[in-house]
Amino acid sequence: LCAFRLGKIQEAHNDLMAVCMHNKARELLAQGLSYAKFQERTPEQERAERLRQFPYHMHINLEVLDSAHHLSAMLLEVPNLAMQAIDPTNKRIISRVLRRALDQYDKQV
């Protein structure tokens, strides 16, 4: 979020993509427990995981994190889309998440 605030969009996108991938942001930011469906945990492992968590007043709002991720992806992807309109051989995709959202929007309209 600091890189995004400072205008370092590429760095912000890379870091936010690593955190927001696979919907594990809460676990990676130590804001919630990991819920593995087929994994049994001992009470000691669960206690250790609870101790690892940050207190609630130190949590980062996940909606702000997702918004910064999508905005940085959009700021990088829109010029790329414009270049693809000019040069169709350029198939580079910066953000698959944003491309999927744009394709889904296009299908609805």
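Residues numbered from 1 in each chain as written. Predicted model: local features only at pLDDT ≥ 70, side-chain atom pairs only at ≥ 80, totals over all residues. Heavy atoms only, no water.

## A look at the overall build of the protein
And then number 1: Counting its secondary structure elements, the protein contains 6 helices and 0 strands.
And then number 2: The N-to-C order of helical and strand elements in the protein reads α-α-α-α-α-α.
And then number 3: Of all 109 residues assigned to the protein, the portion counted as buried reaches 25%.
And then number 4: A separation threshold of at least 6 residues defines the contact pool for the protein, and within that pool the share at least 24 residues apart is 49%.
And then number 5: Roughly 8,700 Å² of accessible area belongs to the protein as shown, and the carbon and sulfur atoms make up 58% of that amount. (Helix = DSSP H or I, 4+ residues; strand = E, 2+ residues; numbered from the N terminus. Buried < 20%, exposed > 50% of the residue type's maximum accessible area, 1.4 Å probe, protein only. Contact = heavy atoms within 4.5 Å. Areas by Shrake-Rupley, 256 points an atom, 1.4 Å probe, with all protein chains shown as cover.)

## Some words on helix 2 (residues 9-20)
And then number 1: Helix length check: helix 2 (12 residues) gives 16 Å between terminal C-alpha atoms against 16 Å at 1.5 Å per residue, within 8%.
And then number 2: All of the buried residues in helix 2 are Ile9, Ala12, His13, Leu16 and Cys20. Looking down the long axis of helix 2, one finds its buried residues gathered within 100 degrees of arc, a one-sided arrangement.
And then number 3: In this fold, the buried residues of helix 2 make contact with helix 1 (2-5) and helix 5 (62-86).
And then number 4: Of the residues flanking the end of helix 2, it is His22, one or two places downstream, whose phi is positive at about 65 degrees. (Expected span 1.5 Å × (residues − 1). Arc of directions from axis to C-beta.)

## As for the packing of helix 2 against helix 5
And then number 1: Across the interface, helix 2 lies against helix 5 with an axial gap of 9 Å and an inter-helix angle of 130 degrees. In terms of axis orientation, helix 2 runs oblique to helix 5. Crossing of helix 2 over helix 5 shows left-handed handedness. Taking contact as the criterion, the partners of Ile9, Gln10, His13, Leu16, Met17, Val19 and Cys20 in helix 2 are, on helix 5, Leu65, Asp66, Ala68, His69, Ser72, Ala73, Leu75 and Leu76.
And then number 2: Class assignment for the residues of the contact of helix 2 with helix 5 results in 10 nonpolar, 4 polar and 1 charged. (Axes fitted to C-alpha atoms, helices over the stretch in contact; angles between N-to-C directions. Parallel < 35°, antiparallel > 145°, perpendicular 65-115°, else oblique. Left-handed = near helix turned anticlockwise from the far one by under 90°. Nonpolar A, V, L, I, M, F, W, Y, C, P; charged D, E, K, R; others polar.)

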